[in-house]
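# Secondary and tertiary structure notes
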Amino acid sequence: MSKLKSQQKATVKAGSAGNITVLNPACSSTMVERVPLTPRIFSSLNGKTIYLVDIGWGGPKAGYDVFEVMQGWFAENIPSVKTVLVRKKGSFHEDDPELWEKIKAEGDACIIGISC
Amino acid sequence: MGIPTAPCTAINVSEYVRGWDRLYGSGMPLRYTTFPLPIAGVSRQVHQRYVNGNDPVTGKPIMQEIVDALTKPLTADEQLTGLPEGAVEPRLLSPDTEENLQEFFKEKDWTDYLPVVLPTEERVAAMLKGTSHKPDEVVKTLMWPGGGRQLTVEKVAVCAVMAGAKPEYFPVILATATMAPFGNSTTSMANMIIVNGPIRKEIGMNSGTGAMGPHNRPNATIGRAFTLLSKSAGNLHAGVTTFGSLGSNLQYNNCCFAENEEALPEGWEPLSVQFGYKKEDSVVTVGTGWTYVSCVGELVTTYPPQMLIRDYMKSLSGMGSTALLCADPLVAGILYDQGFTTKEMLAQWLSKNVRIPVQQYWGNGIITTGFTNLALQGLEPFATWQKLPPDSLIEPFINPKTINTVVVGGQTNTIWFITDFMIRRGVSIDAWR
């Protein structure tokens, strides 16, 4: 890309009579306000409750099964962690505000996925 | 959510979620962990290997990365607020030679990698004479992949020139642009563009012999323009903002054709009329789908066409209860003689007669992903279908209104295609004249 741009500039400087001007097919974009991440207030997961949320992509045995394996990993590696595995309501792209409120009230952290 | 969260994603959308989502979507520098694919349809052993393995993007152990995502203090960048600068695209590109510009357009991924007609000011001005609408009128704001890109009449004209269209095709291209961008899914979907009404003849579209092939300028360029504007104005690029694993060859032209209204059997209405337009209205319908299956050979007297159409429909996913039959007028005539005096009668028959084992229905990932959660929540018929024994037969095309027929072809053989393109009410072309 940069090589081509520089080629273009070089051609313009040379003032070639064969140059043409064309319209740009790309559209300008508007970016969204940046939102900071939630502060990490604990440096260890010891004794924490972690919700594992399956969004449902790939069916009932895809992300859910990965999270079951993760539960086993926590049990073996950080046994003081309490894991709660749940399925999100609706299809994978639908919001589930009730679940988010429940997790915020009862959990310390969340692992969510798996999007494809 | 207000608590530390570690989102997990598959590798196919990794670049999008790590970059574009912050710029155009959530605005958050989310700490994604990436998993290899496939995730669906593989054993527990594979999932164990993933969880105990490394993130294929960062190379770090996946579980350590998740623990870090939940516990490591925020960096300065992760605490930023405010609006970043948007990408401002100049109206004109720097002057250059035609050869350099052709290469530049390819480097920017603005083309289908066939030569384009370069959109000079003169050519774009000529294209704009094909409509009464002003160049700065917004046809549609493209929300995917973020950025609220305003697709103006002039931008559409640029892409119409690039595709090789004539100004008289421009109202059709503007109408299709209201349905932009093209289908975009890991499942490798595509689009189908069907034109009805007087404009078919006015601009010389092909609805007869070879209508679905590369034999006609308006068919070819209207369909191509839809892809070019999706890619360039819509900023869609493979592996970054589009995710079709195999992609679809149909996207070169989006299967653009006109219905052969003149050859419809008596009582069979044009597609646009079925959706509430008048015959004198010019309408474009943009469908989205995947599958395109030909009957291959001519009809035989021992097995009526509706039977073979029924059989072939069993190979479709049944997603959305959708099927679209593209039938040569000769096939339509034989179906008429079989007693289907309207397209709707054929749809009702197919809806009741296509039966598949329920395990086949749930055996398709797009059905499982889309409807399992709805079944678990009790929504019918999915809840009942999920409880049935695997060999139970179900009728997946439960809604005859989503089984449509379009008549196209030159009556050189009794050929039909069954497809799974989902269509809804089309868009007025007359509104864009």
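Residues numbered from 1 in each chain as written. Chains lettered and ligands numbered in written order. Predicted model: local features only at pLDDT ≥ 70, side-chain atom pairs only at ≥ 80, totals over all residues.

### Examining the overall build of chain B
A tally of regular secondary structure across chain B gives 16 helices and 14 strands. The C-alpha radius of gyration of chain B comes to 24 Å, within 12% of the 22 Å expected for a compact globule of 433 residues. Taken along its principal axes, the extent of the C-alpha atoms in chain B is 75 × 65 × 35 Å. Counting all 433 residues of chain B, 49% fall into the buried class. Long-range pairs, those at least 24 residues apart, make up 79% of the contacts in chain B with a sequence separation of at least 6. (Helix = DSSP H or I, 4+ residues; strand = E, 2+ residues; numbered from the N terminus. Rg over C-alpha atoms; globule rule 2.2 N^0.38 Å. Buried ≥ 20, exposed ≤ 12 C-beta atoms within 10 Å, placed from the backbone. Contact = placed C-beta atoms within 7 Å.)

### What about the interface of chain A and chain B?
On the side of chain B, 87 residues touch chain A, which itself brings 65 residues to the contact. The set of elements that each furnish at least two residues to the side of chain A that touches chain B consists of α1 (2–14), α2 (63–77), α3 (97–106) and β3 (109–115) of chain A. Of all the elements, β3(A) adds the most residues to the side of chain A that touches chain B, at 7 residues. The residue makeup of the side of chain A that touches chain B, split by class, is 33 nonpolar, 23 polar and 9 charged. (Nonpolar A, V, L, I, M, F, W, Y, C, P; charged D, E, K, R; others polar.)

### Notes on the pairing of strand β3 (residues 138–142) of chain B
All names here are of chain B. Sheet topology places β3 next to strand β4 (residues 149–152); 4 bridges connect them, and they run antiparallel. Paired with K140 across the two strands is L151, which belongs to β4. Hairpin geometry of β3 and β4 is characterised by an intervening segment of 6 residues between the two adjacent antiparallel strands and by a positive phi of about 100° at G146. (Pairing = 2+ DSSP bridges.)

### A closer look at the domain arrangement of chain B
Residues and elements named next belong to chain B. Taken as a whole, chain B is organised into domain 1 (8–79) and domain 2 (98–355 + 395–432). The centre of domain 1, based on its C-alpha atoms, is set 37 Å off from the matching centre of domain 2. The interface is formed by 8 residues belonging to domain 1 together with 8 residues belonging to domain 2. Counted by class, the side of domain 1 that touches domain 2 contains 5 nonpolar, 2 polar and 1 charged residues. (Domains from an automatic or database assignment.)

### Observations concerning the packing of helix α11 (residues 305–313) of chain B against helix α13 (residues 343–353) of chain B
Residues and elements named next belong to chain B. As a packed pair, α11 and α13 sit with axes 10 Å apart at the nearest point and diverge in direction by 50°. In terms of orientation, α11 lies oblique with respect to α13. The handedness of the crossing between α11 and α13 comes out as right-handed. Side by side, α11 and α13 meet where Q306, I309, R310 and M313 of the first sit next to L346, W349, L350 and N353 of the second. (Axes fitted to C-alpha atoms, helices over the stretch in contact; angles between N-to-C directions. Parallel < 35°, antiparallel > 145°, perpendicular 65-115°, else oblique. Left-handed = near helix turned anticlockwise from the far one by under 90°.)

### Details of the pairing of strand β2 (residues 82–87) of chain A
Residues and elements named next belong to chain A. Where strand β1 (residues 49–54) and β2 come together, 6 bridges link them in parallel fashion. Among the inter-strand pairings, T49 is bridged to a residue of β2, identified as K82. Once the chain exits β1 it traverses α2 before rejoining the sheet at β2, and the crossover so formed is right-handed. (Right-handed = clockwise from strand over helix to strand, strands pointing away.)

### Quick notes on the sheet that holds strand β8 (residues 292–294) of chain B
Residues and elements named next belong to chain B. One open sheet accounts for 4 strands, arranged β8-β13-β9-β12; its pairing is mixed. Two strands bound the open sheet, and with one partner strand each, they are β8 and β12 (403–407). Adjacent strand axes in the sheet meet at a mean angle of 20°, parallel and antiparallel pairs treated alike. Two elements, strand β9 (residues 323–327) and strand β13 (residues 416–419), share 4 bridges in a ladder whose sense is antiparallel. From the neighbouring strand, L324 faces β13, where its bridge partner is T419. Contacting β8, β9 and β13, α11 crosses the sheet at an angle of about 35° to β13.

### Looking at the confidence of the model for chain A
The predicted model of chain A averages 86 in pLDDT, with 86% of residues at 70 or higher. Predicted confidence for residues 1–15 of chain A stays below pLDDT 50, and this span has 18 contacts to residues more than four positions away or in other chains. (pLDDT = per-residue confidence, 0-100.)

### Notes on the environment of A:G113
Along the polypeptide, A:G113 turns up in strand β3. For the pair formed by A:G113 and A:T21, sequence separation is 92 residues and the distance between their alpha carbons is 47 Å. A:G113 has contacts with A:I55, A:G63, B:P7, B:C8 and B:T9, leaving out every residue within four places of it along the chain.

### Side note on the environment of B:I309
All names here are of chain B. Among the structural elements, I309 can be located in helix α11. For I309 and S282, which are 27 residues apart along the polypeptide, the C-alpha to C-alpha distance reads 29 Å. In contact with I309, not counting residues within four places along its chain, are L325, L350, W416 and I418.

### Comments concerning the nonpolar core
In terms of nonpolar packing, the biggest core is built from 97 residues, with B:V156, B:A160 and B:I173 touching the most fellow members. In terms of residue count, the dominant contributor to this core is helix α6 (residues 153–163) of chain B (9 residues). In contact with B:A160, not counting residues within four places along its chain, are B:M127, B:A165, B:F170, B:I173 and B:A225. Counting residues in hydrophobic clusters, the runner-up holds 36 residues, among them A:Y64, A:I111, B:I39 and B:Y50. (Core = buried A, V, L, I, M, F, W, Y, C linked by C-beta atoms within 7 Å.)

### Examining unusual backbone geometry
Cis geometry marks the peptide bond from A:G113 to A:I114; its omega dihedral reads 5°. The amide bond that connects B:E380 to the next residue, B:P381, takes the cis arrangement and shows omega of 5°. Among the structural elements, B:P381 can be located in the loop between α15 (365–376) and α16 (382–387). Even without being glycine, B:C255 reaches a positive phi, approximately 50°. Here B:C255 lies in the loop between α9 (217–231) and β6 (256–258). In this structure B:C255 comes out as buried when scored by C-beta crowding, with 23 C-beta atoms within 10 Å. The backbone of B:Q411 shows a phi angle near 60°, a positive value even though the residue is not glycine. On the secondary structure map, B:Q411 appears in the loop between β12 and β13. For B:Q411, a count of 16 C-beta atoms within 10 Å gives the class partly exposed.

### Re the packing of α6(B) against α9(B)
Residues and elements named next belong to chain B. Between α6 and α9, the shortest axis-to-axis distance is 8 Å and the interhelical angle comes to 125°. Classified by the interaxial angle, the pair formed by α6 and α9 is oblique. Note that α6 runs across α9; the crossing there is right-handed. Contact with α6, carried on its side by V156, C159, A160, M162 and A163, involves T221, R224, A225, L228 and L229 of α9 and no other residues of that element. Classifying every residue of the contact of α6 with α9 gives 8 nonpolar, 1 polar and 1 charged.

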